[in-house]
Every structure is written in structure tokens, then in C-alpha cells.
Amino acid sequence: MSTPSASDPRQPDFWRRRTGLIMPLLLLVTGIVLAVGTVTMEVPDNVASPGPQLFPTLIAGGCFVFAVLLAVDVWRRPEPARVATRAAAAENPAPAAADGTDAADAADDPAATAAPEPLRVRSNRPAVLGLVGTVVAFIVLLLPLGWILAGAGLFWGVARTLGSRRTVFDIFLAIAISSGIQLAFSAGLGLNLPPGILEGVF
Amino acid sequence: MDSLSNLGDGFLTVLTPMNMLWVFVGALLGTAVGVLPGLGSAMAVALLLPVTFSLDPIGAFIMFAGVLFGGLFGDSISGILMNTPGNSTAIAGTIEGHKMAQSGRAAQALAASAIASFVGGTVASLLVVFFAPSLARLATLFGPAEYLALAVFAFVAISAVVGESILRGLTSLAIGLAIALVGIDGMSGASRFTAGMPELFDGINIVVITVGLLALGEVITVAARRGTSEEAKLITSTGRLWLSRREFRLALPAWLRGTAIGVPFGIIPVGGSEVPTFLSYGTERRLASRKPGSMFGKGAIQGVAGPEAAGNATAGTAMGALLALGLPTSATAAVMLAAFRQYGLQPGPLLFERASELVWALLASFFIGMVVLLILNLPFAPLWAKLLKVPRHYLYAGITVFAMLGIFATSSKVLDLVLVLAIGLLGFAMRRYGLPVAPVLIGVILGPLAETEFRRTMAVSEGDPLALVSSPISATLYIVLALGVAGLLIQRARTARAQRAALETAA
């Protein structure tokens, strides 16, 4: 699979095959946050030893160690050079295991290697961005607009980024679902959801 | 026979129309979530946690029992019919189950799996009824050092045994432990990593973490995979739902063997049913190969019956370990522990005294739930499969809406919604780069316990580290752990050497 020059950082896909380095980076940041927080922690005077700083110190240390080890692991064993195309990956659907084995990692598929210009679709970035954007919009709009509208928008947006193309039908479905939840929650369970601009209607 | 009369009282509590309704609703919801690919009982319980807030604890836990086992019944349906297991616990059963479906025996595979779940779950629940009280009595001998040893055992076991790579497991564990640090330190009152925000003084709510990691993380993963592996084909199940006498004769010993393999794994903290289900699959395969005409590879009924029974048996005894020791041995048990804490209950030896009505009602509802689930699953499995025909974008949009609703309904804090998104992204990144999620949950749940018990031990012994290993129970636990890890490392080294040798001879 890997060519002799695969470990050369000048290779165009060198970094693309090692996007997994995000995880050690995240660990590193976590470790730094923990370390800074531990040093600057205001500890009450009369604390029995071992105090509240011991565990954060240990875990920060662990974060640094695992960050280095994981980075080495990702560096030495990059992901396969070729990426499954949409069509090729759809032919061999792998079980969606909860332990994180990526379905599209079967990149040594002959159909994928035959693709002239393989696209990196194993992470469908527009879909992920659309989904995250929808959730962010929901969080921002929940209090001002109220549950019914914000919740309907969330359902509609997620359905759309996941591939629904029945725009108008979805609007009605989304409003039906969020109104149904509002009814079940406030009438049935007695929980309060933010009414927003529809306050007074319910 | 205290256990039996207590259990009788439990049945009396559950057999009211209202509580029966909760069992039924729980079983229905659990199966529904279990059927959905990638979502299992842990997430079903986490999602329902906020919704059950206005119920009384007994009603809520009865419902959780239905959800818990419903998830395990349901996850094999999508595995058998679509080759996409509902959860990692169903992977082993899917291997032969899907082959059976391909050769036109989908109905029998579903029946074998439903009965297997029933047998495994019922036997395990019986064992819990008879042994959990004695286990709880044993646990009263445990002091801080012993609880620390148990937590360390759980940390190492779940990180090292479950995942493919020990490094990745430990990395996940470190992430979980780090998340658990946020909040006011209970022993000293020092505020840790809260950035001065009062919303964080109580720490990050466990519901936020589980829903973020398991539900939102999965939805983002589904979005990322869009267009790659969606088009899995659904095999329709037709024909007789009942097993022929020959099939029954093949499946019966497999059910029992699977149960026997699954039962001990509920008490050992190795993070759920993956290990026992694959052990059971391997056993059935080896046993079948000794006789002529092995059906393995072509759809062997034992290959479905064994692992499914093992999975449910593990889940059953895991609940026993949770109730009696307060120790979660799987992600689902960890979420259940969070559920107990939401109601101000601490599982462990004292639970049997303080909340005995709840405990026995919960145990009784295991049995009732099992019967309800058998009825729901045996004749209606093909109906459940229809759920897989609902367009995936609506299913996951609904899950997202429900997840956000649940989070907001619990706390009414917008910050929690931001946190759940952040943790969801973390869950996605971990799935994407092959880091197991279960150790994070165990770290979050047991991290504070480990820290408190460690500091208590050290305070009592005035800083003498020998106090950590001086009691026979904790010393034994550490020795077993050391032997287990050593054995695992040797085995991995051997496999690696064998693979290298095979590569060299091939080259």
C-alpha cells in the first residue's frame, strides 16, 4: 500500500493521511489546560494531604505521555493512501460498530484504487459542517424563538444535512414533531420548555 | 429464602397497571432504539433519563429495565436483516445471523436470537436475585482501599481488554478522567477548572456526557459517512417464525453455553458484552467443526444462539454487580449508575437496606420485561424491521431533537447544550480515529470515586502508600489485574510474532 517515500513530509497526501494527529493535539491542549489550572488553583488552607491538586497533576502527566505516544503511533502508521470513493464504499457496507472502526477504512478496495482522482469523502465535510451549524443555530435561537420554532428548525436542518430532499414536507413534519413534544412535555409531564415568541399562544 | 419473598414483594409492586405500562413502554422504546444501527441500550437509557424526571423512582427504574434489555433484544434485528449490528454487542451474532437471513432463514435467525436473549437474561437475573444480597454483604467488608482497587481494576480492564490498542484505550480513559475533574472538589472545596463559571461548580452532568458521546457523536458520524455506507440492503423476513425440532436441538445447548460464558463477564469490569459474545461465537464454531456437516459460514443457528445469550447474560449480571457493589462494569451500567444518582440513590451494599423496595421491584421487572420482550420480539420481529425502512435522515433528526430536548429539560442551562455539542464533536473525532468511547464513560463515572477513595486511604494511613495494598482483598485484586495484563501482553506479542512469521513465509 504505502510507497517507500510515504514517510516524506513533502508528499502531497502526507498530512491528509495523518489527520489523526488532531487527537494527540487535543490531548496536549487538555494537558496544558489541566497543568495551568492546577498551578493557579486556589486551594483552601486547611486541606489534608493529598490535596485537590494531586489527581489533576497525574492526569495532566498522563495526557502528555499519551499525546506523545499516540502521535508517534499515528505518524508511523498513517491511514491508507487511497480513499474509498462514494460508489466504491457503498458496495461493501461495513458494520457500523460502536467501537469506532470506520466503515470507509476499507480503502484497499480494488474499485477504490481504480478511481482516477479519489476524493476524500470518508468524512463528508459539508454534511458535518451543516449538522454542527444547525445545532449551533438551535442553541442560539432556542431562548429567543422558543422550543416549537427552534426545535422544528433543528429537525428540519438535521434531516436536510442528512440527505432529505422533501423541503416543504419536512417543514410540516418538523413543526408537527416539535409541537407534539411541546404538548407531551408541558401537558403530559409538566416540564417547562421555553415559549419564546409564541408565548401566550400556548 | 429471603430472596424469594423479597422478589415476591417486588412482583407485587410491579404488577400494577401503571408500572406494567412503564415496563411495556420501556421495552418498546428500548427495542426501537436498539434496532437503529449504532445506537444501543446505553444511549437509550441516557436519552430517557431526563424524560423520566417527573416519574417516581420505581416507575423510572422499571422503565429503564425494559429499555436496557429491549436494546439488547433489538440490536440483533438490524444485524440479522441488514448486516449492520445495532450495537457492538450484536456483532458476533450478526456473522452467522446475516448468513442465515441470506439463505432464506431470517425468521428462524430472529427467533433463535430472541429466545437466546430471553434465556440469557432470565438465567442471569435469577443468579442476581440469589447472589446479589450475599455479594452486597461481602461488599460491606470493603473500605476505601478496596474500592480504589476495584476502580483501578475497571480502568485497566476496560482500557486494555476492550479496544484493539491498549494505548488508545488508556488515551480515552485519560480524556474521561480529565472531564470528570471539572467542578468543586468535594473533599477540599477547591474549585477546579470551572473558569469561575457557577454553572460548572457541580461538574459536567453525566447525562450531557453520555448523550453527547453516544447520541450526538453517532449522529455526526452518520453525517460524515453520508453517501458511503448508507445503502445497506434490508432482507425481508418471511415464513415460519418457529424453530423446527432439529433447529431447537441445535440451538438449546448453544443458548445454555452462551449464558454460561456471559454470566461471569457481568461481574468482571471489562466493559460490556463484546468479549463474551465473541468468546461464545468462537466456542460454538469450534464445537460445530468437530462434527460433520458444520453450518458455520453458511448460517449456523448456534452462531446466533450462543452470542446473543452471552450478551444478555452479561448485561443481567452487570446489573447485579452495579446494585450490589456500586461498580459499573459496562457503559450501560455506567449510565444506569448515573440514573441512580439522579434520584439521590447510591448503588452498593447499602442500597439493599435503604431502598429495598426499589431494588426488588427493579429485579422483578427484569423478569417481567424479559417476558414482555419475548412477546414483542418473537412474533413481531419483522414489524420491528420496518423501522429500518423509515428514512435514516428522519430517524437521526428525531434523535438529535430528542437529545437536545432531554439535555435542556434536565437543567434548563444553555451552557449544557454547548457542552453537549462539544462532547458530541469529541465523540465523532474519537469514532473517526479509532478511539473507544466506553473508557471515557468509565473514567467520568469512576474517576471521582477513585480520587476520593485514594485520598481517604492516604488520609487514614497518614500518607503511607502501603495502605493501598495491605488488605487481602485489594492485594488479590491487584495481583489478578497484574496477571491478566501480563497474560494479555504475552498473547498479543505471540499473535504479532505469528503474523510476522506468516508474512515472511508468504513473501
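In this text the structure is predicted, and so the values were computed from the model without any measurement. (Residues numbered from 1 in each chain as written. Chains lettered and ligands numbered in written order. Predicted model: local features only at pLDDT ≥ 70, side-chain atom pairs only at ≥ 80, totals over all residues.)

Undergrad: What should I look at first to understand the overall build of chain B in this one?
TA: When helices and strands are tallied, chain B shows 20 helices and 2 strands. Over its C-alpha trace chain B gives a radius of gyration of 22 Å, about what one expects of a compact globule, namely 23 Å for 507 residues. Considered along the principal axes of its C-alpha atoms, chain B spans approximately 65 × 65 × 55 Å. Buried positions account for 61% of the 507 residues belonging to chain B. Contacts spanning at least 24 positions in sequence make up 79% of the contacts within chain B whose residues lie at least 6 apart. (Helix = DSSP H or I, 4+ residues; strand = E, 2+ residues; numbered from the N terminus. Rg over C-alpha atoms; globule rule 2.2 N^0.38 Å. Buried ≥ 20, exposed ≤ 12 C-beta atoms within 10 Å, placed from the backbone. Contact = placed C-beta atoms within 7 Å.)

Undergrad: Explain the confidence of the model for chain B here, please?
TA: As a note on interpretation, predicted positions should not be read in detail where pLDDT is low. All names here are of chain B. On average, chain B scores 83 in pLDDT, and the residues at 70 or more come to 95%. Across chain B, the secondary-structure element scoring lowest on mean pLDDT is helix α16 (residues 381-386), at 75, and the one scoring highest is helix α18 (residues 414-432), at 93. Reported for the predicted complex are a pTM of 0.80 and an ipTM of 0.79. (pLDDT = per-residue confidence, 0-100.)

Undergrad: How should the UniProt feature "transmembrane region" (unreviewed entry) in chain A be read in this particular structure?
TA: Residue and element names in this part refer to chain A. According to UniProt, the feature "transmembrane region" (unreviewed entry) maps to residues 21-41, 53-72, 128-159 and 171-193 in the numbering used here. Across residues 53-72 one finds 95% helix and 0% strand; the C-alpha atoms that close the span lie 29 Å apart. Secondary structure content for residues 128-159 is 97% helix and 0% strand, and the end C-alpha separation is 12 Å. (UniProt positions renumbered as here; feature names shortened; annotations may be inferred.)

Undergrad: Where do I start with unusual backbone geometry in this structure?
TA: In terms of backbone geometry, most residues other than glycine have negative phi values and most peptide bonds are trans. Residue and element names in this part refer to chain B. If you check the backbone angles, F193 has positive phi at about 55 degrees while not being a glycine. Mapping F193 onto the fold places it in the loop between β2 (191-192) and α9 (206-224). Located in the positive-phi region is A195, a residue other than glycine, with phi close to 55 degrees. Tracing the sequence through the fold places A195 in the loop between β2 and α9. Taking the C-beta count within 10 Å as the criterion, A195 has 9 such neighbours and is therefore assigned exposed.

Undergrad: How should helix α2 (residues 54-76) of chain A be read in this particular structure?
TA: Two residues of an α-helix separated by three or four positions point the same way, owing to the 3.6 residues in each turn. Between its terminal C-alpha atoms α2 of chain A stretches 33 Å, which fits the 33 Å expected from 23 residues at 1.5 Å a residue. Buried within α2 of chain A are the following residues: F55, P56, I59, A60, G62, C63, F66, A67, L70 and V74 of chain A. Where the residues of α2 of chain A are buried, they touch α1 (22-39) of chain A together with α8 (166-181), β2 and α19 (438-460) of chain B. (Expected span 1.5 Å × (residues − 1).)

Undergrad: It is not clear to me how the packing of helix α12 (residues 301-325) of chain B against helix α13 (residues 331-342) of chain B should be interpreted in this structure. Could you clarify?
TA: When two helices pack together, their arrangement is captured by the angle between the axes and the distance separating the axes. All names here are of chain B. Where α12 meets α13, the closest approach of the two axes is 10 Å, and the angle between their N-to-C directions is 40 degrees. Judged by the angle between their axes, α12 and α13 are oblique. Of the two elements, α12 crosses α13, and the hand of that crossing is right-handed. Residue-level inspection shows A315, A318, M319 and L322 of α12 in contact with α13, the latter providing T332, A333, M336 and L337. Split by residue class, the contact of α12 with α13 holds 7 nonpolar, 1 polar and no charged. (Axes fitted to C-alpha atoms, helices over the stretch in contact; angles between N-to-C directions. Parallel < 35°, antiparallel > 145°, perpendicular 65-115°, else oblique. Left-handed = near helix turned anticlockwise from the far one by under 90°. Nonpolar A, V, L, I, M, F, W, Y, C, P; charged D, E, K, R; others polar.)

Undergrad: Sorry, what's going on with the confidence of the model for chain A here?
TA: Residue and element names in this part refer to chain A. Across chain A, the average pLDDT comes to 75, with 69% of residues at 70 or higher. Mean pLDDT in chain A bottoms out at helix α4 (residues 110-114), which sits at 37, and peaks at helix α6 (residues 147-161), which reaches 93. When the criterion is pLDDT under 50, residues 1-6 qualifies, and its contacts beyond four places in sequence or with other chains add up to 8 contacts. Note that pLDDT drops below 50 for residues 85-121; the model gives that stretch 86 contacts with residues more than four away or on any other chain.

Undergrad: Which parts of the structure should I look at to understand the packing of helix α10 (residues 245-267) of chain B against α12 of chain B?
TA: Residues and elements named next belong to chain B. Where α10 contacts α12, the axes come no closer than 6 Å and their chain directions differ by 30 degrees. Relative to α12, the element α10 is oriented roughly parallel. When the axes of α10 and α12 are compared, the crossing they make is right-handed. Residues of the contact of α10 with α12, tallied by class, amount to 17 nonpolar, 12 polar and 3 charged.

Undergrad: Hey, could you run me through the environment of M295 of chain B in this one?
TA: Residue and element names in this part refer to chain B. One can find M295 in the loop between α11 (274-290) and α12. For M295, a count of 16 C-beta atoms within 10 Å translates into the label partly exposed. Residues M295 and E96 lie 199 residues apart in sequence; the distance between their C-alpha atoms is 9.1 Å.

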